[in-house]
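One-letter residues, chain by chain:
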Amino acid sequence: MSRTLTWDGDALLVLDQTALPSAERFVRCRSAAEVAAAIRTMQVRGAPAIGAAAAYGVVLAAREAGGTERARWFTRLEAASADLLVARPTAVNLRWAVERMMAVPGRFPQASIPDLQDALLAEAHAIAEEDVRTNRAIGEHGAALIRPGERILTYCNTGSLATVDYGTALGIIRTAHTQGKRVHVYVSETRPFLQGARLTAWEVLRAGIPATLITDNAAGWLMQAGEIDRVIVGADRIAANGDTANKIGTYTLAVLARAHEIPFLVAAPLSTVDFRTPEGSAIPIEERRAEEVTHLAGIPVAPSGIPVRNPAFDVTPHHLISGIVTEAGVAIAPYIQALQDLAAARTKR
Ligand code: MRU
């Protein structure tokens, strides 16, 4: 399978996730504005994937800015980066990647604009390649926790599509499957955008991982019936104390898992941990269009005129989380210290 994102020399190719599973088509983003639009419309989605896409958006902005005067070039780059930053507010990987890109010119105070453009492309490639290595490490750390034969519920899409490749929560399941642990995945459909039904179901079928698709509403009943051994989800932003923003409905699953004494794991790269945000209440929650709720595949399923709320994410308080699996190891409560220790260990490597 081609990667979710690929650079083809003068544009970013993005596998259009709004077309899946019916069609596999790529969108060609030739400018930073086109990358921002692909992120906003969720043609590319998932926290690590939008971070990597935004990095290439900065590359395109650096090329568009052109000119020979460095200060003016950098001002134009900052304006384009600001547009990328606001494309989606919750996943902190977007900010992490754009800030990492914007720090590049400062490392080369004497460089020409063409050399800076090359350095920015190299940094975007580094972000993309690191993402794949990070996900494989998350997969190893997480799979070590899984017993043979486990039935695992997952939510939204946290696989290759949500990252540059391999996935986070789904990466753990993928690794456990490859290790022969005979896992079975329950894929929750994930209303209203159906990332589970459309995207995770597509990925697990292609990977040959035994799986069953369920409605979101079926999760509690299956837990009560003893059919779920573990829940593993991804994250869009983890506050310093471990509170975790993820796809709307994650909190509901965490409460259900606690009520049924089922382990609830979060899997995410350390770039998803926002040490500047002390706790979950400070995480901005994106609200999306009413049509995502009132329509299914363009067909109305609610009377027109009904007021709608469509928060795209919720926050699971840290006390409901059994562990946070990162590329540097598994954090367990108290998370403030555990996450800082893992981040420090990663920096030392
Ligand atoms: O709105 P989306 O589809 O971008 O939301 C994605 C999620 O909530 C994922 O669980 C999260 O980004 C982790 S992806 C590895």
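Analysis parameters
- Residue positions are given per chain, counted from 1 along the sequence in the order it is written.
- Thresholds applied to this predicted model are a pLDDT of at least 70 for local features of residues and 80 or more for the giving and counting of side-chain atom pairs; totals over whole chains, interfaces and linings are not thresholded and use all residues.
- Think of the side-chain values as coming from all heavy atoms in the structure, minus any hydrogens and water.
- Segmentation of the chain into domains, including their bounds, is taken from an automatic or database domain assignment.
- We call two residues in contact when some of their heavy atoms are within 4.5 Å.
- As a working definition, buried area equals the accessible area (1.4 Å probe) given up by two parts on being put together, with both sides summed.
- Any Lys or Arg side-chain nitrogen found within 4 Å of a carboxyl oxygen on Asp or Glu counts as a salt bridge.
- Numbered from the N terminus, helices here are DSSP runs of H or I no shorter than four residues, and strands are runs of E no shorter than two.
- Gly counts as polar in this scheme, as do all residues outside two lists: the nonpolar Ala, Val, Leu, Ile, Met, Phe, Trp, Tyr, Cys and Pro, and the charged Asp, Glu, Lys and Arg.
- What makes a nonpolar core is a set of buried Ala, Val, Leu, Ile, Met, Phe, Trp, Tyr and Cys residues whose side-chain atoms join them at distances within 4.5 Å.
- Between buried and exposed lies partly exposed: a residue is buried under 20% and exposed over 50% of the maximum accessible area for its type, with that area taken using a 1.4 Å probe on protein chains only.
- In this description, strands pair whenever DSSP reports at least two bridges between them.
- To define axes, lines are fitted to C-alpha atoms, for helices over the stretch in contact only, and angles between the resulting N-to-C directions are given on a 0 to 180 degree scale.
- Throughout, the term roughly parallel applies to angles under 35 degrees, roughly antiparallel to angles over 145, roughly perpendicular to angles from 65 to 115, and oblique to all others.
- Helix crossings are classified by the rotation of the near helix relative to the far one: an anticlockwise turn of less than a right angle makes the crossing left-handed, while a clockwise turn makes it right-handed.

Colleague: Can you tell me about the domain arrangement of the chain, naming the residues and giving the values?
Modeller: As far as domains go, the chain holds domain 1 (5–135) and domain 2 (139–348). Distance between the C-alpha centres of domain 1 and domain 2: 25 Å. Every contact between the two is made by 31 residues of domain 1 and, on the other side, 35 residues of domain 2. Interface of domain 1 and domain 2: buried area, both sides summed, is about 2,800 Å²; carbon and sulfur atoms make up 52% of it. On the domain 1 side of the contact with domain 2, Arg 45, Thr 90 and Asn 135 bury the most area, a combined 23% of that side's loss. Connecting domain 1 to domain 2 are four salt bridges. Those elements that place two or more of their residues in the side of domain 1 that touches domain 2 are α2 (47–65), α4 (92–102) and α6 (113–143). No other element matches the six residues that α6 contributes to the side of domain 1 that touches domain 2. When its residues are assigned to classes, the side of domain 1 that touches domain 2 shows 15 nonpolar, eight polar and eight charged.

Colleague: Help me get a handle on the nonpolar core, residues and values and all.
Modeller: The biggest cluster of nonpolar side chains holds 48 residues, and the ones touching the most others in it are Leu 12, Ile 39 and Leu 120. It is α2 that contributes the most residues to this core, 14 residues altogether. If near-sequence neighbours (up to four positions away) are discounted, Leu 12 is found in contact with Leu 5, Thr 6, Trp 7, Val 27, Arg 28, Cys 29, Val 35, Ala 53 and Tyr 56. By size, the runner-up hydrophobic cluster in this structure holds 30 residues, among which are Cys 156, Phe 264, Ala 268 and Leu 270.

Colleague: So what about the sheet that holds strand β11 (residues 273–274)? Which residues, and what values?
Modeller: Strand order in this open sheet of four strands is β11-β8-β9-β14, and the pairing throughout is mixed. Edge positions in the sheet fall to β11 and β14 (313–316), since each has one partner strand and no second. This element, helix α10 (residues 250–259), spans β9 (244–247) and β14 of the sheet and lies at about 30° to β14.

Colleague: Hey, could you go over the packing of helix α7 (residues 169–178) against helix α8 (residues 195–207) for me, with residue numbers and the actual values?
Modeller: Following both chains from N to C, one finds α7 and α8 inclined at 20°, their axes separated by 12 Å at the closest point. Classified by the angle between their axes, α7 and α8 sit roughly parallel to one another. Regarding α7 and α8, the two cross each other, and that crossing is right-handed. Of α8, the residues touching α7 (which contributes Leu 170, Arg 174 and His 177) are Thr 200, Glu 203, Val 204 and Ala 207. Tallied by class, residues from the contact of α7 with α8 come to three nonpolar, two polar and two charged.

Colleague: Now, about the pattern of salt bridges: what can you tell me, with residues and values included?
Modeller: Side chains bearing opposite charge may pair, as long as their charged atoms lie close to each other. Across all of its chains, the model carries 24 salt bridges by this definition. Arg 28 is the salt-bridge partner of Asp 8, the closest N and O atoms lying 2.8 Å from each other. With Asp 8 in the loop between β1 (5–7) and β2 (12–15) and Arg 28 in strand β3 (residues 26–29), this pair connects stretches of sequence that are 20 residues apart. The exposure class assigned to Asp 8 is partly exposed, which follows from its relative accessible area of 34%. Arg 28 sits in the partly exposed class, given a relative accessible area of 34%. We note a salt bridge from Glu 286 to Arg 288, for which the minimum N-O separation is 2.7 Å. Here Glu 286 falls in the buried class, since its relative accessible area comes to 7%. Via salt bridges that share partners, Arg 95, Glu 99, Arg 237, Asp 274 and Arg 276 belong to a single interconnected network.

Colleague: Hey, could you go over the sheet that holds β1 for me, with residue numbers and the actual values?
Modeller: Sheet strands line up and pair through hydrogen bonds in the backbone, either parallel or antiparallel. The strand order β1-β2-β3 describes an open sheet built from three strands, whose pairing is antiparallel. Edge positions in the sheet fall to β1 and β3, since each of these pairs with one other strand and no more. Shown here is a sheet whose adjacent strand axes are inclined to one another by a mean of 25°, direction ignored. Note that β1 and β2 share three bridges and pair antiparallel. Bridged to Leu 5 within β2 is Val 14. Together, β1, β2 and β3 form the strand contacts of α2, whose direction differs from that of β1 by roughly 25°.

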